[in-house]
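# Residue-level structural notes
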Amino acid sequence: MYVKFDFNALCKKVLDEKLKEHGLKYHLLNFGEVELYEPITQEQHNLFKKNLKDYGIEIIESQKTALVQKIKDVIVELVFSENAVPVKASIYIAEKLNHSYGYLSNLFSEVAYTSIENFIILQKIEYAKDLILNNKQSLTEIAHKLNYSSVAHLSTQFKNTTGITPSQFHKIITKRRKNQNISINSKVLYE
Amino acid sequence: MNKEYLNVITVDDDEGNIIFFKNIFKDLKIGVKSQCFSYGDDLLKYLNSSGVIIPEVVFIKYNIPGKSWMECVREIKINPRFSNIVIAVYAGQISENEIEEIFVNGANIFMKKAETYEGLKKSLTEIITVNWQYHSSGLNKDNFIMKVG
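Quick caveat: nothing in here was measured; it's all calculated off a predicted structure. (Residues numbered from 1 in each chain as written. Chains lettered and ligands numbered in written order. Predicted model: local features only at pLDDT ≥ 70, side-chain atom pairs only at ≥ 80, totals over all residues.)

## As for the overall build of chain B
Let me state the cut-off plainly: The helix and strand labels rest on DSSP assignments: H or I over at least four residues marks a helix, E over at least two residues marks a strand, and numbering proceeds from the N terminus. For a compact globule the rule gives 2.2 Å times the number of residues to the power 0.38, and the radius of gyration it is set against comes from C-alpha atoms.
In terms of regular secondary structure, chain B is built from 5 helices and 6 strands. Secondary structure elements in chain B, listed N-terminal to C-terminal, are β-α-β-α-β-α-β-α-β-α-β. Against the globule reference of 15 Å for 149 residues, chain B gives a C-alpha radius of gyration of 14 Å, in line with a compact fold. For chain B, the spread of C-alpha atoms along the three principal axes comes to 35 × 30 × 30 Å.

This is the structure in structure tokens:
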């Protein structure tokens, strides 16, 4: 059985429940921002932080890191959105976050150890991988969906990022899943 | 952005390789805390002990004596405690079929080991940088396949 996650919805739900559980009065804003209506004590803060850690959720302490996280969130939103964004990514990010692209770009490279451009490519290839494994769309359709000018362009970027072609990727994961199923079945057989 | 560094383990019986890996990791911009073992058995013994730090990345030499790369990969993959570990296998010249076998068995990365120090540094830097992105942005490691060099 394979399941598909909506990470955004999942995280929001967990956060929502945890905030309630800790008795905090809050308002969930976009991009992982939480507005607390009442100040909380250091002890409450630490307890909440510790509890969230189990879910892989972290309270970001520094402003710079927070801004970089926002850039990442905007990129993910941009790449995974169903509707094509009519402007260039750089303009979109700058307008969305209200800073010049030059500033954001330098900050991002400093904190994230990669450029915004490379991070966008990485996210696009991740999305392409999901779509390839879903088996619902042809590579041509996937290329179109991800705003590539051609299949060749997608394939080249895929190969540059992962070192393998989309079809090799598909073959490897399919074989791997078959292998896993065999070992799960033989385990059941022996038990 | 869970923390400021990656924990990395290298498994290689060649002392010279270990020194190269260690030096390269030390010079990277991304913080790496590295440990080394000579054999796969030592790696698994370490991972299976209680209270140890589970690394984010493990590098295993393809033709390691003793417990083979494949046994190491399988033992790591079967234990949910290790589900977060990215496994990289490296070798000199091996065939495309052998490389595919590495991926199919569950490793994430194949690195063709460069002959020169500079080449090795380039490959390892690329691998650590991408791993940092997977680690700090919570990307799906099940789909993480990468061939370098």
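## Things to note about the overall build of chain A
Note the cut-off: Partly exposed residues are those falling between the two cut-offs: more than 12 but fewer than 20 other C-beta atoms within 10 Å of their own, whereas 20 or more means buried and 12 or fewer means exposed, with C-beta atoms placed from the backbone. Each residue gets a C-beta atom placed from its backbone, and two residues are in contact if those atoms lie within 7 Å.
Each helix and strand counted, chain A has 9 helices and 2 strands in total. Start at the N end of chain A and walk to the C end: the helices and strands fall as α-β-β-α-α-α-α-α-α-α-α. Taking 2.2 N^0.38 as the reference for a compact globule, 191 residues should give roughly 16 Å; the C-alpha atoms of chain A span a radius of gyration of 20 Å, well beyond that estimate. Each principal axis of the C-alpha distribution contributes one length, and for chain A these read about 55 × 55 × 30 Å. Taking all 191 residues of chain A together, 17% fall into the buried category. Taking the contacts inside chain A whose residues are at least 6 apart along the sequence as the reference set, 44% of them involve residues at least 24 apart.

## Some details on the domain arrangement of chain A
All names here are of chain A. Rule in force here: Segmentation into domains, and thus their bounds, comes from an automatic or database assignment. Three classes are used, and their members are as follows: Ala, Val, Leu, Ile, Met, Phe, Trp, Tyr, Cys and Pro are nonpolar, Asp, Glu, Lys and Arg are charged, and the others, Gly among them, are polar.
According to the domain assignment, chain A contains domain 1 (1-59), domain 2 (61-113) and domain 3 (121-190). Residue-level contacts link 5 residues of domain 2 with 4 residues of domain 3. By residue class, the composition of the side of domain 2 that touches domain 3 is 5 nonpolar, no polar and no charged.

## Here we look at the nonpolar core
A general feature of soluble globular proteins is that nonpolar side chains tend to end up buried together. Applicable threshold: Joining buried Ala, Val, Leu, Ile, Met, Phe, Trp, Tyr and Cys residues through C-beta atoms within 7 Å gives a set, and that set is a nonpolar core.
Counting 64 residues, the largest nonpolar core has B:Val58, B:Ile60, B:Ile87, B:Ala88, B:Val89 and B:Ala107 as the members making the most contacts within it. Two domains each put at least three residues into this core: domain 2 (61-113) and domain 3 (121-190) of chain A. With sequence-adjacent residues up to four places away left out, B:Val89 is seen in contact with B:Ile60, B:Tyr62, B:Trp69, B:Ile102, B:Ala107 and B:Phe110.

## Observations regarding the interface of chain B and chain A
In this assembly, 20 residues from chain B lie in contact with 19 residues from chain A. For the side of chain B that touches chain A, the secondary structure elements donating two or more residues are α4 (96-104), α5 (117-136) and β6 (146-148) of chain B.

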